[in-house]
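Structure assessment
One letter stands for each residue in the lines below.
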Amino acid sequence: MKKLLPVSLLLGAIGLSMCELNAAFSTEASAAGQSASTSAADRDTRMAWWRQARFGMFIHWGLYAVPAGEYNGQRSKEIGEWIMSWANIPRAQYEQFATPFNPVKFDAASWVRTAKDAGMKYIVITSKHHDGFAMYDGAVSSYDIVDSTPFKKDPMRALADEAKRQGMTFAFYYSIMDWHHPSQYVDAPEKDPTAGHGQTKMREGRKREYVDYMKAQLRELITKYDPAVLWFDGEWVNWWTEEDGQALYAYVRSLKPGILINNRVGKGRKGMEGLSKTDRTYAGDFGTPEQQIPASGLPGVDWESCMTMNDTWGFKSYDDNWKSSQLLIRNLIDIVSKGGNYLLNVGPTAEGEIPAPSVERLAAIGKWLKVNGDAVYGTSASPFTAQLSWGRATRKPGKLYLHVFNWPADGQLEVPSFGGSIVSARLMTGASGLDVKPSASGFMITLPAQAPDPIASVIVADTRDAK
Ligand code: H79
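These lines cover the structure that appears in this document, whether it is placed above or below. (Residues numbered from 1 in each chain as written. Predicted model: local features only at pLDDT ≥ 70, side-chain atom pairs only at ≥ 80, totals over all residues. Heavy atoms only, no water.)

Quick look at the sheet that holds strand β12 (residues 391-396)
- The strand order β12-β13-β18-β15 describes an open sheet built from four strands, whose pairing is antiparallel. A single partner strand is all that each edge strand has here, and the edge strands are β12 and β15 (420-427). When the angles between neighbouring strand axes are averaged without regard to direction, this sheet yields 25°.
- As paired strands, strand β13 (residues 399-404) and strand β18 (residues 457-465) are joined by six bridges and run antiparallel to one another. Counterpart to V404 in the pairing with β18 is S457.
- Sitting on the sheet, helix α11 (residues 325-337) is in contact with β12 and β13, with an inclination near 50° to β12. (Pairing = 2+ DSSP bridges. Helix = DSSP H or I, 4+ residues; strand = E, 2+ residues; numbered from the N terminus. Axes fitted to C-alpha atoms, helices over the stretch in contact; angles between N-to-C directions. Contact = heavy atoms within 4.5 Å.)

Considering the site of the ligand
- Neighbouring the ligand are 15 residues; H60, E81, H129, D233 and E290 lie closest to it.
- At a separation of 2.6 Å, an oxygen atom of the ligand approaches a polar side-chain atom of E81.
- Here an oxygen atom of the ligand and a side-chain polar atom of W82 are 3.0 Å apart.
- Partitioning the shell around the ligand into residue classes produces seven nonpolar, three polar and five charged. (Near = heavy atom within 4 Å. Polar contact = N/O pair within 3.5 Å; in protein donor to acceptor, adjacent residues only side chain to side chain. Nonpolar A, V, L, I, M, F, W, Y, C, P; charged D, E, K, R; others polar.)

Some remarks on the packing of aromatic side chains
- Scanning the entire structure with this criterion turns up 25 aromatic pairs.
- Aromatic side chains F58 and Y173 sit 6.0 Å apart centroid to centroid with 55° between the ring planes, which places their arrangement in the tilted category. Linking F58 in strand β1 (residues 55-59) with Y173 in strand β5 (residues 169-175), this pair joins segments that are 115 residues apart in sequence.
- The exposure class of F58 is buried, given its relative accessible area of 1%.
- Residue Y173 is classed as buried on the basis of its relative accessible area of 0%.
- With 5.2 Å between their ring centres and 85° between their planes, Y94 and F97 make a pair best called edge-to-face. Like Y94, the residue F97 is buried in the burial classification.
- Among the aromatic residues, ring-to-ring pairing joins F58, Y173, W231 and W313 into one connected group.
- Its end group placed over the ring of Y282, R280 keeps NZ or CZ at 5.4 Å from the ring centre. (Phe/Tyr/Trp six-rings, centres within 6.5 Å; stacked < 30°, edge-to-face > 60°. Buried < 20%, exposed > 50% of the residue type's maximum accessible area, 1.4 Å probe, protein only. Lys NZ or Arg CZ within 6 Å of the ring centre and 35° of its normal.)

Some details on the pairing of β13
- Across the six residues that make up β13, a large majority, five, are buried.
- Across six bridges, β12 lies against β13 in antiparallel orientation. Across the sheet, R392 pairs through a bridge with H403, a residue of β13.
- Hairpin connection, β12 to β13: the antiparallel pair is bridged by two residues, and G398 has positive phi, about 75°.

Taken by themselves, the reported measurements are silent on function.
Below you can see the structure in the form of structure tokens.
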């Protein structure tokens, strides 16, 4: 990962104050993050719930769960939902995965409950991935779960309804690249022209037809399921332009003005780093780092890191390279301390179950958030410009939350200056005040000998801004 310079260093070098930087950034952010026609106030209103939420569940579920990472005895290190590409499966063969796809164990209420108990505030699920298979009941295509599988039911209907019932925000992923649509084909050595590929080509004269097809599907998705976000992907194909992205952004917003749309609707994204380029105006409300966390936050820029718990998005039967609960919890804290959201993925099986190792980890995260949620939801980025040696920080007006990963052996927690003062401090898990003293570099807080939580113990500090 490329390391970004600390913002303060850059500022010094160009002789800007933090305030001026914020001003510069909001202009940049509005240029980079949204269509020119939306005002900053409108954007703040639309983004409010999302900025509060901080933590969401990504669900990759589709036909690829049937092969589960295995084709003709071939296994791969590649991601499961790309099997149509890496195993070079022609469309007519791939379609056959629909025949046995019967997720009888699917239970919308338990999926939503699992997300809720994990402390997640929203769900983003694949309505259609690169393979082109629709996981909802649509009239535009019969290549969908209701018309083409023995299941015959609409799991998106059940999930949207259940999410509403349980107070969970519901949203869709949608791929622009489509390996099943006849407008697109593969032109690469050794590849079947109808298989999957990272760079589909557009057949001469058929782009209009495909854009109309996408718009019709998006209309179905928005009018039938009322998603809070449209999370586009597969925008990197060479036949998709920023102008196409701006037009699609405007179309989706016209169907639901309050909807949020990620920056993969157009061409603004800087590769897997995910944030938008700033050389011109790009469509999209937030940046989308994939499988990585930016080295530092960027004031005024909204972003969401999407990450897997093992090494695949779509289910693979043999991927057991699970991240520890400790790492997942610390990733959440790291992201939130930098002003981002964490979109953590699960890949349910073809039977309709979220894998047990995922459920276990989600429960551990939920247990931590139940105690420490105040230090996550509705917080903003750390005021410290340099990385803290012992952990991370988040804040709210008048409050600073210190997330201690490495509990100091001598019980002395060194808190650098941050432009305000610490009035008092306590453990999240205790009422009694901790001793706080000014020190040469900021403040020193005296902690009890034992860390309350080996993963991350939170100290709540009341702060006063410097005049
Ligand atoms: O849905 C999951 C993956 O299937 C999908 N995005 C997540 C959320 C994914 N798409 N691509 N990849 C994962 C990896 C491939 C990246 C590349 Fe590219 C596409 C390399 C070249 C084209 C994106 C655009 C990164 C660099 C340019």
